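Coordinate inspection notes
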Amino acid sequence: MSAQTAIVLARHPQGVPHLDDFRFEQRNVPDAGDGEVLVEVRYLSMDPFLRLQLAPSASMGRPVRPGDVIPGRALGRVRTSRDPSLKTGDWVIGDLGWQRFSVMAAQSLSRIDVDDGLGPSVYLGALGSPGLTAALLLEATQAAAGDTVVISAAAGAVGNVAAQLARLRGCRVIGLSGSQARRDYLLSVLGLDAVHDHRDPAALSATLVERGGVDVFLDSIGGALHDAVLSSMNPLGRIVMYGFISGYNSSGKPASYGSMMEVLRKRLTVSGFLVGDHASLFPSALKQLHELVRSGRLTVVENIHQGLGATPQAFASLFDAAPPGKTLVCLDDDPL
Ligand SMILES: NC(=O)c1ccc[n+]([C@@H]2O[C@H](COP(=O)([O-])OP(=O)(O)OC[C@H]3O[C@@H](n4cnc5c(N)ncnc54)[C@H](OP(=O)(O)O)[C@@H]3O)[C@@H](O)[C@H]2O)c1
């Protein structure tokens, strides 16, 4: 048994997560038992969903209590294995938590064949859950050439992949972001057709109508933004709701959604989406994503922070002004 630094919940966040909501603690690393492996964590994935788990009564996911190590998806390498399914050196993804070492049941981990030409971090982004979410959202909407597709948080982990894939399908892609730097990135680097600030919903709605309306809306934000795009939808449009980040930091009921009359009037299809429901489609979607990344047709966009000490700030940035791309924390050569 050895000691390590882990990040625990100091108190439930009130509003946007604050650095004081987290505490660094020395913890023992237990020995791996039968069926378990000791994993050295290399990249932590920063996911907005965690904010829901940190609430006093978590609305989704396993609740986190003060004193618990912060959970979270991460990529690591097996150091020692007490299970025949994994061997030392294997790359694995699982809920390894905000710490350097994690002892896990082998069955709870997914082994990854890392393509040396791409490096490991991409398996938490474009070739991981965000990439799969993006690809399967577009499948769910049947977005086709000529459709106008509006994507909220379009520079984020899911959004940037969805925006690129929609462009590859021949769609006209409009990206939304509250940050000028992210909007500039979407236009100049990812080549979107148009971008808009989502913080003035009335202006956004008017502009979308002027530009011919919306056929497909991928909504991860909810609230007033959802209503603004809903009122700009074209007949037979498709909306997929896959997050409501505008409500993640509030303790009351989630913001209510707009007029169902629009759904009837325009014969819209509105659906909810959780990527985990589509596991049977992962292998084929991952194969396609891998080919696109390998060939350079899908740009990998990452925003990597260095060291465990940077983790609380990296997480909080998801609710503020993060640079474009998948937000990760790299623990390579971490002194903690
Ligand atoms: N249903 C599923 O299976 C599934 C899977 C993965 C993710 N998700 C959801 O998808 C969403 C995006 O996840 P991600 O990992 O790709 O995160 P992300 O987009 O990389 O980061 C979140 C972004 O959301 C925007 N944002 C944050 N707070 C906001 C607020 N109060 N109002 C409006 N916009 C706000 C910001 O973008 P701008 O500054 O550019 O506006 C921020 O950078 C989240 O809601 C997540 O829970 C769902």
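Keep in mind the model is a prediction, meaning the values are calculated, not measured. (Residues numbered from 1 in each chain as written. Predicted model: local features only at pLDDT ≥ 70, side-chain atom pairs only at ≥ 80, totals over all residues.)

**Notes on the overall build of the protein**
Using the following cut-off: A run of DSSP states H or I qualifies as a helix once it reaches four residues; a run of E qualifies as a strand once it reaches two. Both are numbered from the N-terminal end. Note that the radius of gyration is over C-alpha atoms, with the globule rule given as 2.2 Å times the number of residues to the power 0.38. The burial criterion counts other C-beta atoms lying within 10 Å of a residue's C-beta, which is placed from the backbone; the residue is buried at 20 or more, exposed at 12 or fewer, and partly exposed between these limits. Note that contacts rest on C-beta atoms placed from the backbone: two residues are in contact if these are within 7 Å.
The helix and strand tally for the protein stands at 9 helices and 15 strands. The C-alpha atoms of the protein give a radius of gyration of 20 Å, which matches the 20 Å a tight globule of 336 residues would have. If you line up the protein on its principal axes, its C-alpha atoms span 65 × 45 × 35 Å. Per-residue burial for the protein yields a buried fraction of 44% across its 336 residues. A separation of at least 24 residues holds for 66% of the contacts in the protein among residues at least 6 apart in sequence.

**Overview of the domain arrangement of the protein**
The line we're drawing: Where each domain begins and ends is defined by an automated method or by a domain database. Here the term charged refers only to Asp, Glu, Lys and Arg, the term nonpolar to Ala, Val, Leu, Ile, Met, Phe, Trp, Tyr, Cys and Pro, and the term polar to all other amino acids, Gly among them.
By domain assignment, the protein separates into domain 1 (2-125 + 300-330) and domain 2 (129-276). Taking the mean C-alpha position of each, domain 1 and domain 2 sit 28 Å from one another. Taken together, the contact pairs 15 residues of domain 1 with 14 residues of domain 2. Looking at the side of domain 1 that touches domain 2, the elements with two or more residues in it are α1 (50-53) and β15 (326-330). Classifying every residue of the side of domain 1 that touches domain 2 by side-chain character gives 8 nonpolar, 4 polar and 3 charged.

**Observations concerning the site of the ligand**
Put simply, the test is: Here, nearness means that the C-beta atom of a residue, built from backbone geometry, sits within 6 Å of the molecule or strand in question.
Residues in close proximity to the ligand total 31 residues, the closest being G156, A157, S177, S220 and G243. Of the residues in the shell around the ligand, the class split is 17 nonpolar, 12 polar and 2 charged. Lining the shell around the ligand are residues from two domains, each supplying at least three of them: domain 1 (2-125 + 300-330) and domain 2 (129-276).

**Overview of unusual backbone geometry**
Despite not being glycine, A153 shows a phi value in the positive range, around 45°. Summarising the element assignment, A153 is placed in the loop between β8 (148-151) and α3 (157-168). One non-glycine residue, L236, lies in the positive phi region at around 65°. Structurally, L236 is set in strand β12 (residues 233-241). For L236, a count of 10 C-beta atoms within 10 Å gives the class exposed.

**Details of the environment of G76**
Summarising the element assignment, G76 is placed in strand β4 (residues 73-81). Separated by 26 residues in sequence, G76 and S102 have C-alpha atoms that sit 9.1 Å apart. Setting aside residues up to four positions removed in sequence, G76 forms contacts with V39, E40, V41, R42, V92, L96 and S102.

**What about the sheet that holds β8?**
Operational definition: DSSP bridges decide pairing: two strands pair if at least two such bridges lie between them. Under this scheme, a helix contributes an axis fitted over its contacting stretch, all axes are lines through C-alpha atoms, and angles between N-to-C directions fall in the 0 to 180 degree range.
Taken together, 6 strands build an open sheet; the order of strands is β10-β9-β8-β11-β12-β13 and the sheet is parallel. Each edge of the open sheet is held by one strand with a lone partner, namely β10 (194-196) and β13 (269-272). On average, each strand axis in the sheet is tilted by 15° relative to the strand beside it, whichever way the strands run. With 4 bridges joining them, β12 and β13 adopt parallel strand pairing. Paired with R238 across the two strands is T269, which belongs to β13. Relative to the sheet, helix α6 (residues 223-230) contacts β8, β11 (214-219) and β12, its axis offset from that of β11 by approximately 165°.

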